[in-house]
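# Fold and geometry: a report
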Amino acid sequence: MYACPCGFLGDNKKDCTCSTGDIKRYRKKISGPLLDRMDIHVHVPRLEYSEMTTSIPTESSSDIRQRVTAARAIQYSRLQKYNIFCNAQMGHRHVKTTCHMTHNAQVMLKQAFEAMNLSARGYDRILKVARTIADLANSEQISDIHVAEAIHFRNNIQEFS
Ligand SMILES: [Zn+2]
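Structure report, in brief. Bear in mind the structure is a predicted one, so any value in this text is a computation, not a measurement.

Within the first shell, the zinc ion binds the protein through Cys4 (SG), Cys6 (SG), Cys16 (SG) and Cys18 (SG), at distances of 2.2 to 2.4 Å. Coordination geometry of the zinc ion: the 4 donor atoms subtend angles of 106 to 114 degrees at the metal centre, consistent with an arrangement described as tetrahedral. Spacing between the donor residues of the zinc ion along their common chain follows C-x1-C-x9-C-x1-C. Of this pair, cysteine 4 sits in the segment before α1 (20-30) while cysteine 18 sits in the segment before α1, and the two are 14 residues apart along the sequence. Look at cysteine 4 and you get buried, because its relative accessible area is 0%.

This is the structure we're talking about:
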């Protein structure tokens, strides 16, 4: 979706022509229960042609694929006893038993829960994404760094209001 009705909010080339009221009404349509059902929100800025054709090396697709495959294997071995195979399928009881956080991570998530006025479902969503980020880093414990990244993915829509 776009960040606003005209589609240019946050764009580095064109100005958004929407009023604050327009944006509020537009966001309201998808806020609350629906936003709660999305695991990840990411703002994707317009790509410059030079960025698409750059030769600066980044992590290659095959490296990323390897990391993802490894993370999926970790999830499968952890979750197969519940008859599910990946973090996205976890319900509340799975989250409770498999998402072990460091003390700092717990403190950070508690603060976010209060500051962001999260629902219980929203809390679980963040924790599931943090679990996945930790799996991609091959870390059994969820640290504050993983939680911070998960919160960032969730916050992305609100950031542009
Ligand atoms: Zn706009």
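Don't stop here, the text continues.
Glancing now at a nonpolar patch on the surface. A cluster of nonpolar side chains, contributed by Ile64, Val68 and Leu136, occupies part of the molecular surface with about 200 Å² of accessible area. As for its position among the elements, isoleucine 64 is in helix α4 (residues 61-79). When its relative accessible area of 36% is taken as the criterion, isoleucine 64 is described as partly exposed.

Let us now look at the packing of α4 against helix α7 (residues 120-136). Interhelical geometry of α4 versus α7 gives an angle of 120 degrees and a closest axis separation of 8 Å. As far as their axial angle goes, α7 and α4 are oblique. Every pair of crossing elements has a handedness; the one defined by α4 and α7 is right-handed. For the pair α4 and α7, the contacting residues are Arg67, Val68, Ala71, Ile74, Gln75 and Arg78 in the first and Arg131, Thr132, Asp135 and Leu136 in the second. Class assignment of the residues belonging to the contact of α4 with α7 gives a composition of 4 nonpolar, 2 polar and 4 charged.

In this section: the pattern of salt bridges. Counting across every chain of the model gives 5 salt bridges. In this structure, arginine 25 engages aspartate 22 in a salt bridge whose closest nitrogen and oxygen atoms are separated by 3.1 Å. Within this pair, arginine 25 and its partner aspartate 22 are both found in helix α1, separated by 3 residues, close to a single helical turn. A relative accessible area of 29% means that aspartate 22 is categorised as partly exposed. Across the pair glutamate 140 and arginine 78 runs a salt bridge, and its minimum N-O distance is 3.5 Å.

To continue, consider unusual backbone geometry. Its identity as a non-glycine residue notwithstanding, asparagine 83 has a phi of 65 degrees, on the positive side. Residue classification places asparagine 83 among the exposed residues on the basis of a relative accessible area of 72%. Not every positive phi belongs to a glycine, and asparagine 117 is a case in point at roughly 55 degrees. Structurally, asparagine 117 can be placed in the loop between α6 (103-115) and α7.

Among the nonpolar cores identified, the biggest contains 20 residues, and Met101, Leu127, Ile142 and Val147 are the most heavily contacted of them. Of all elements in the fold, only α6, α7 and α8 (144-159) reach the threshold of two or more residues within this core. Per-element tally for this core: the top contributor is α7, with 6 residues. Among all residues touching methionine 101, those that are not within four sequence positions of it are Gln106, Leu109, Tyr123, Leu127, Gln141, Ile142 and Val147.

Bringing the side chain of arginine 131 into the picture now. With respect to the element layout, arginine 131 can be found in helix α7. Looking at arginine 131, the relative accessible area reads 0%, which means it is buried. At a separation of 2.9 Å, a polar atom in the side chain of arginine 131 contacts the main-chain carbonyl oxygen of serine 139.

So, on to the environment of arginine 67. Relative to the assigned elements, arginine 67 resides in helix α4. On the accessibility criterion, arginine 67 (36% relative accessible area) is partly exposed. It is 9.2 Å that separates the C-alpha atoms of arginine 67 and aspartate 135, two residues lying 68 residues apart in sequence. Excluding residues within four positions of it along the chain, arginine 67 makes contact with Glu59 and Leu136.

Reading the values: the criteria
- Residues numbered from 1 in each chain as written.
- Predicted model: local features only at pLDDT ≥ 70, side-chain atom pairs only at ≥ 80, totals over all residues.
- Heavy atoms only, no water.
- Donors = N, O, S within 2.8 Å, 3.2 Å for Na, K, Ca; no water.
- Tetrahedral: all angles 85-135°; square planar, octahedral: opposite > 155°, others 65-115°.
- Helix = DSSP H or I, 4+ residues; strand = E, 2+ residues; numbered from the N terminus.
- Buried < 20%, exposed > 50% of the residue type's maximum accessible area, 1.4 Å probe, protein only.
- Patch = residues over 30% accessible without salt bridge, like charges linked within 9 Å, V, L, I, M, F, W, Y side chains within 5 Å.
- Areas by Shrake-Rupley, 256 points an atom, 1.4 Å probe, with all protein chains shown as cover.
- Salt bridge = Lys/Arg side-chain N within 4 Å of Asp/Glu carboxyl O.
- Axes fitted to C-alpha atoms, helices over the stretch in contact; angles between N-to-C directions.
- Parallel < 35°, antiparallel > 145°, perpendicular 65-115°, else oblique.
- Left-handed = near helix turned anticlockwise from the far one by under 90°.
- Contact = heavy atoms within 4.5 Å.
- Nonpolar A, V, L, I, M, F, W, Y, C, P; charged D, E, K, R; others polar.
- Core = buried A, V, L, I, M, F, W, Y, C linked by side-chain atoms within 4.5 Å.
- Polar contact = N/O pair within 3.5 Å; in protein donor to acceptor, adjacent residues only side chain to side chain.

What is shown is where atoms sit, not what they do.
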